[in-house]
Amino acid sequence: MSVSDQIAAQLPYLRRYARALTGSQQSGDAYVRATLEAALADRALRDEIAGSRAAFYKAFTRIWASGHVDQPSPTGDAGSPEQAAQERLGRIAPAHRQALLLTTVEEFSRAETATILGVSPEDVDALVLQAVTEIDSESATDVLIIEDEPLISMQLEGLVGDLGHNVVGTAATHKQAVEIFSRNPAGLVLADIQLADGSSGIDAVEDLLRFGEVPVIFITAYPERLLTGERPEPTYLVTKPFQEATVRAAISQALFFRSSQPLD
């Protein structure tokens, strides 16, 4: 594959990241364009960013940090999910925002993120934690827990409460989940797959989504039942037995973007 083809293959993902980071597609594209122009003028840089995805993002980060790029005024559809996410991103400190996006939306490892940002892996952990803290302070919501194991349900209820959210109910079956949600529509759903009466948490969630878009996190011992490629796969999937920190991070991400789908 040629250098240009290698760069082109990564370009859509860098544009996604740039859009989320800067708050608008026009502004993000301006920084991406400046990164490409710098690569055209410097053969060594061009070869470097073709070598790895992390190197491409690192070069972009240097351009973005310089701030010396003419960019148009941000535009966007008022009230759209993406515009709302961008507005929330704008309230997070830039370094925290970078670390969060790189490790979540872009799915870089902490070591790769450290390389991109020019910090230590420990610094990455601290930056992400601070971003999550800033998000959690603005994201309190009502939560429905669909879980048929009482101890796990209690653990999740305590975790959700510690994060400042309100549990509107816990359901052990498909029917209970729909009944609770119809009375008290939640802003977030935590759902197991295999429920007490043999019913499916997947089917329960599909019924809940008929009431309207709501972020969903599946917490299950059977992830293979969702990762089949036969239907749209969930963005947020936590495998049992789980670490509470993993669930906390998933909750923060889901509430931040206010959707079960990632930014396009």
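Residues numbered from 1 in each chain as written. Predicted model: local features only at pLDDT ≥ 70, side-chain atom pairs only at ≥ 80, totals over all residues. Heavy atoms only, no water.

(A) Expanded view of the overall build of the protein chain. In terms of helices and strands, the protein chain carries 12 helices and five strands. In the protein chain, buried positions account for 46% of the 264 residues. The long-range fraction of contacts in the protein chain, counting pairs at least 24 apart against all pairs at least 6 apart in sequence, stands at 69%. (Helix = DSSP H or I, 4+ residues; strand = E, 2+ residues; numbered from the N terminus. Buried < 20%, exposed > 50% of the residue type's maximum accessible area, 1.4 Å probe, protein only. Contact = heavy atoms within 4.5 Å.)

(B) Just the pairing of strand β4 (residues 216-220), in detail. The buried count for β4 comes to five of five residues, which makes it a mostly enclosed element. Taken together, the three bridges between strand β3 (residues 188-191) and β4 define a ladder with parallel strand orientation. In the sheet register, Ala 191 faces β4, and the bridge partner there is Phe 218. Taken together, the three bridges between β4 and strand β5 (residues 237-239) define a ladder with parallel strand orientation. Considered in β5, the bridge of Phe 218 is made with Leu 237. (Pairing = 2+ DSSP bridges.)

(C) Representation of the pattern of salt bridges within the structure. Under the counting rule described, the total for this entry stands at eight salt bridges. Here Arg 210 and Asp 207 are joined by a salt bridge, their closest N and O atoms 2.0 Å apart. The class of Asp 207 is partly exposed, set by a relative accessible area of 21%. Linked by salt bridges that have partners in common, Glu 147, Glu 149, Asp 192 and Lys 240 make up one network. (Salt bridge = Lys/Arg side-chain N within 4 Å of Asp/Glu carboxyl O.)

(D) Structural context of the confidence of the model for the protein chain. On average, residues of the protein chain score 82 in pLDDT, and 81% of them are at 70 or above. Per-element averaging of pLDDT across the protein chain places helix α5 (residues 81-89) at the bottom with 60 and helix α7 (residues 110-117) at the top with 96. (pLDDT = per-residue confidence, 0-100.)

(E) How the structure looks around the pairing of strand β2 (residues 166-171). Judged from the five bridges that link them, strand β1 (residues 142-146) and β2 form a sheet pairing that is parallel. By the bridge assignment for β2, Ile 145 is matched with Thr 170. One crossover worth recording links β1 to the parallel β2 by way of helix α9 (residues 150-162), and it is right-handed. (Right-handed = clockwise from strand over helix to strand, strands pointing away.)

(F) Structural view of helix α4 (residues 53-66). Here α4 contains 14 residues, and its C-alpha end-to-end distance of 21 Å stays within 8% of the 20 Å for a straight helix at 1.5 Å per residue. Residues Ala 54, Ala 55, Phe 56, Tyr 57, Ala 59, Phe 60, Thr 61, Ile 63 and Trp 64 constitute the buried set of α4. Each element contacted by the buried residues of α4 is listed here: α1 (3-22), α2 (25-41), α3 (43-51), α6 (94-103) and α7. In the stretch just after α4, Gly 67 is the one whose phi turns positive, near 70°. (Expected span 1.5 Å × (residues − 1).)

(G) Summary view of the side chain of Lys 240. With respect to the element layout, Lys 240 can be found in the loop between β5 and α12 (244-257). One polar contact links Lys 240 to Asp 192, side chain to side chain, over a distance of 3.1 Å. Those residues in contact with Lys 240 that sit more than four places away from it in its chain are Glu 147, Glu 149, Ile 152, Asp 192, Ile 219, Thr 220 and Ala 221. (Polar contact = N/O pair within 3.5 Å; in protein donor to acceptor, adjacent residues only side chain to side chain.)

(H) Representation of the nonpolar core within the structure. Counting residues in each nonpolar core, the largest one holds 36 residues, and the members touching the most others are Leu 14, Tyr 17, Ile 49, Tyr 57, Phe 60, Leu 102 and Ile 116. Taken together, the elements giving at least two residues each to this core come down to α1, α2, α3, α4, α6, α7 and α8 (121-136). A total of seven residues in this core trace back to one element, the largest contributor, which is α4. Residues within four places of Phe 60 in sequence aside, it is in contact with Leu 14, Tyr 17, Ala 18, Leu 21, Gly 28, Tyr 31, Val 32 and Thr 35. Among the nonpolar cores identified, the runner-up in size contains 20 residues, and Val 143, Ile 145, Val 160 and Val 238 belong to it. (Core = buried A, V, L, I, M, F, W, Y, C linked by side-chain atoms within 4.5 Å.)

(I) Representation of helix α11 (residues 201-208). Taken as a whole, α11 has its buried residues at Gly 201, Ile 202, Ala 204, Val 205 and Leu 208. Buried residues of α11, viewed axially, fall in a sector of 160°; they line one side. Where α11 is buried, its residues meet β1, α10 (174-183), β3 and β4. At the N-terminal end of α11, a side-chain oxygen is found 3.0 Å from the backbone nitrogen of Ile 202, two or three residues along, and the residue is Ser 200. (Arc of directions from axis to C-beta.)

(J) Seen up close, the packing of α10 against α11. One way to put it is that α10 packs onto α11 with a least axis distance of 9 Å and a crossing angle of 20°. In terms of axis orientation, α10 runs roughly parallel to α11. Once α10 is placed against α11, the crossing between them reads as right-handed. Facing His 174, Ala 177, Val 178 and Phe 181 of α10, the residues of α11 in contact are Asp 203, Ala 204, Asp 207 and Leu 208. Each residue belonging to the contact of α10 with α11 can be placed in one class, and the counts come to five nonpolar, one polar and two charged. (Axes fitted to C-alpha atoms, helices over the stretch in contact; angles between N-to-C directions. Parallel < 35°, antiparallel > 145°, perpendicular 65-115°, else oblique. Left-handed = near helix turned anticlockwise from the far one by under 90°. Nonpolar A, V, L, I, M, F, W, Y, C, P; charged D, E, K, R; others polar.)

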